Amino acid sequence: MTVDDLFRLRESGAVGPVPPGYTVTPTPEGVRVEAPDGGRLLYARSGPGILPGGPPAEELPAGASAYTSASEQQVDMVIVDAARRPEMIGELRRSGVIGVTTAVVAVGGDHRIRSPREFARRARLWGALAPGDGTTMTCPPSVWPEPRPHGPHRTLVTGGARSGKSTEAELRMLAEPKVVYAATGPVPDPGTDPDWAERVALHVRRRPWWWRTEQTIDLAVLLRERRGAVLVDCLGTWLTAVMDRSGLWEEDPPPGAEERVDAAVRELLEAWRSTRAYVVAVTNEVGSGVVPPTRAGRIFRDRLGLLNQWVGAESEEVVLATAGRVVELE
């Protein structure tokens, strides 16, 4: 990257001498440049997490030390390698370096992202610009990024098994400074179900360190109380737990089982409709395969299909994930 056609900047710092009037400072977040006119630019580093919870001080760039008041200041523009480490946007929003008047510029599109169009789609979800190669930009920019989705805003991500739906839901949250991950599945027990435990552990490892996980099926309460960003994964495991709690999985369900499930669904829909959070919920497409051989399986398929319709009707966005690709459903 070239600054004002005067000197080059890399993630490690300035290349060659810095012209008079400019200051180039290594910080825990990256290289900070201040121009003579007061414009402030941050070239974000793309290594591991560097805010509280990140690596020790010895892994920071040369010249960078503990978090200082100078590095905490909001800047006018941030350049982030969004192909390698898009969650850096969320980290910087969390720290205050990115504020409401900061322009985020996403660069680094390469073979890790399949096309410029897909890179631009992701940048839009993160509230970032995605300029092409060789683009000259001002700081602040003359063209501003489109506002990213924020609360109250509801997105339903649906798809089959291993379709990429959870990955898409998590991708949509990477630029958020505060995320609650509502896990509705059973608590993993490596002793009794090692496959499930490893699957859950894989999900946890790929999440940013500052996301907070809540293991719960009380989604209505969570949606009413939370602000910021909430990721629900998933409605299928939530319905499974609700049916189990009511006894509807049994061959001979107890009296009132269906009514208890209906009441839980109504409560969830009301909370989804009235939430003040930015919510992304994952669900399963269960009606595209074989007909379940059991009565309980058919009830689950039908009920989840209806739940998906009702939640989708109350959502600003519904997207379908299949084979790792995402289709936005109008």
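This structure is a prediction, so every number in the text was calculated from the model and none was measured.

Engineer: So what exactly am I meant to see when it comes to the sheet that holds strand β15 (residues 317–322) here?
Structural biologist: Neighbouring strands of a sheet are bound in pairs by backbone hydrogen bonds; such pairs are parallel or else antiparallel. Ordered in space as β12-β11-β13-β14-β10-β15-β16, the 7 strands form an open sheet in which the pairing is mixed. Each edge of the open sheet is held by one strand with a lone partner, namely β12 (212–215) and β16 (325–329). Between one strand axis and the next, the sheet turns through 20° on average, direction left out of account. Bridge count for strand β11 (residues 179–183) against strand β13 (residues 229–233) is 5 bridges, and the pairing is parallel. Residue pairing for β13: A183 is matched across the bridge by D233. Its contacts with the sheet put helix α7 (residues 235–246) on β10 (153–159), β13 and β14 (278–284), and the angle it makes with β14 is roughly 70°.

Engineer: Is there a simple way to explain the nonpolar core in this structure?
Structural biologist: The tendency in soluble globular proteins is for nonpolar side chains to be buried as a group. Core analysis: the largest hydrophobic core is formed by 38 residues, its most contacted members being V78, I89, L92, W126, M173 and W211. Among residues more than four places away in sequence, those in contact with W211 are E170, M173, L174, V179, Y181 and L231. If you look at the next biggest cluster of nonpolar residues, it comprises 32 residues, including V230, V261, W272 and V279.

Engineer: How do you make sense of the layout of surface pockets when you look at a structure like this?
Structural biologist: Empty pockets left among the atoms are what a rolling probe the size of a water molecule brings to light. In this structure, the largest pocket occupies an estimated 1,000 Å³ of space. Lining the largest pocket are 40 residues, and of these M1, I79, V107, T135 and M137 sit closest to its centre. It is strand β6 (residues 40–44) that contributes the most residues to the lining of the largest pocket, 4 residues altogether. Broken down by class, the residue content of the lining of the largest pocket amounts to 22 nonpolar, 10 polar and 8 charged.

Engineer: What am I meant to see in the packing of helix α3 (residues 116–125) against helix α4 (residues 165–173) here?
Structural biologist: Helix packing for two helices is described by the angle between their axes and how far apart those axes are. Running from amino to carboxyl end, α3 crosses α4 at an angle of 55°, the nearest separation of the two axes being 8 Å. If you check the angle between α3 and α4, you find them oblique. Contact residues: α3 offers R121, R122 and L125, while α4 offers E168, L171 and R172. Looking at the contact of α3 with α4 residue by residue, the class counts come to 2 nonpolar, no polar and 4 charged.

Engineer: Any chance you could explain the environment of V232 here in plain terms?
Structural biologist: Inspection of the secondary structure assignment puts V232 in strand β13. Sequence spacing of V232 and V282 is 50 residues, and the spatial spacing of their C-alpha atoms is 6.1 Å. When residues no more than four places from it in sequence are discounted, the contact partners of V232 are A182, T184, L219, V279, V280, A281 and V282.

Engineer: Please clarify how the packing of α7 against helix α8 (residues 257–274) should be interpreted in this entry.
Structural biologist: Two elements in contact, α7 and α8, have axes separated by 9 Å at closest approach and are oriented at 145°. Considering how the two elements wind past one another, α7 and α8 form a crossing that is right-handed. In contact with L235, W238, L239, V242, M243 and S246 of α7, α8 contributes A257, R260, V261, A264, V265 and L268. Class assignment for the residues of the contact of α7 with α8 results in 10 nonpolar, 1 polar and 1 charged.

About the thresholds
- Residues numbered from 1 in each chain as written.
- Predicted model: local features only at pLDDT ≥ 70, side-chain atom pairs only at ≥ 80, totals over all residues.
- Heavy atoms only, no water.
- Pairing = 2+ DSSP bridges.
- Helix = DSSP H or I, 4+ residues; strand = E, 2+ residues; numbered from the N terminus.
- Axes fitted to C-alpha atoms, helices over the stretch in contact; angles between N-to-C directions.
- Contact = heavy atoms within 4.5 Å.
- Core = buried A, V, L, I, M, F, W, Y, C linked by side-chain atoms within 4.5 Å.
- Buried < 20%, exposed > 50% of the residue type's maximum accessible area, 1.4 Å probe, protein only.
- 1 Å grid on protein atoms, 1.4 Å probe; cavity = no way out; pocket = protein on both sides within 12 Å on 5 of 7 lines; lining within 4 Å.
- Points joined across faces, edges and corners; volume = space filled by probe spheres on them.
- Nonpolar A, V, L, I, M, F, W, Y, C, P; charged D, E, K, R; others polar.
- Parallel < 35°, antiparallel > 145°, perpendicular 65-115°, else oblique.
- Left-handed = near helix turned anticlockwise from the far one by under 90°.

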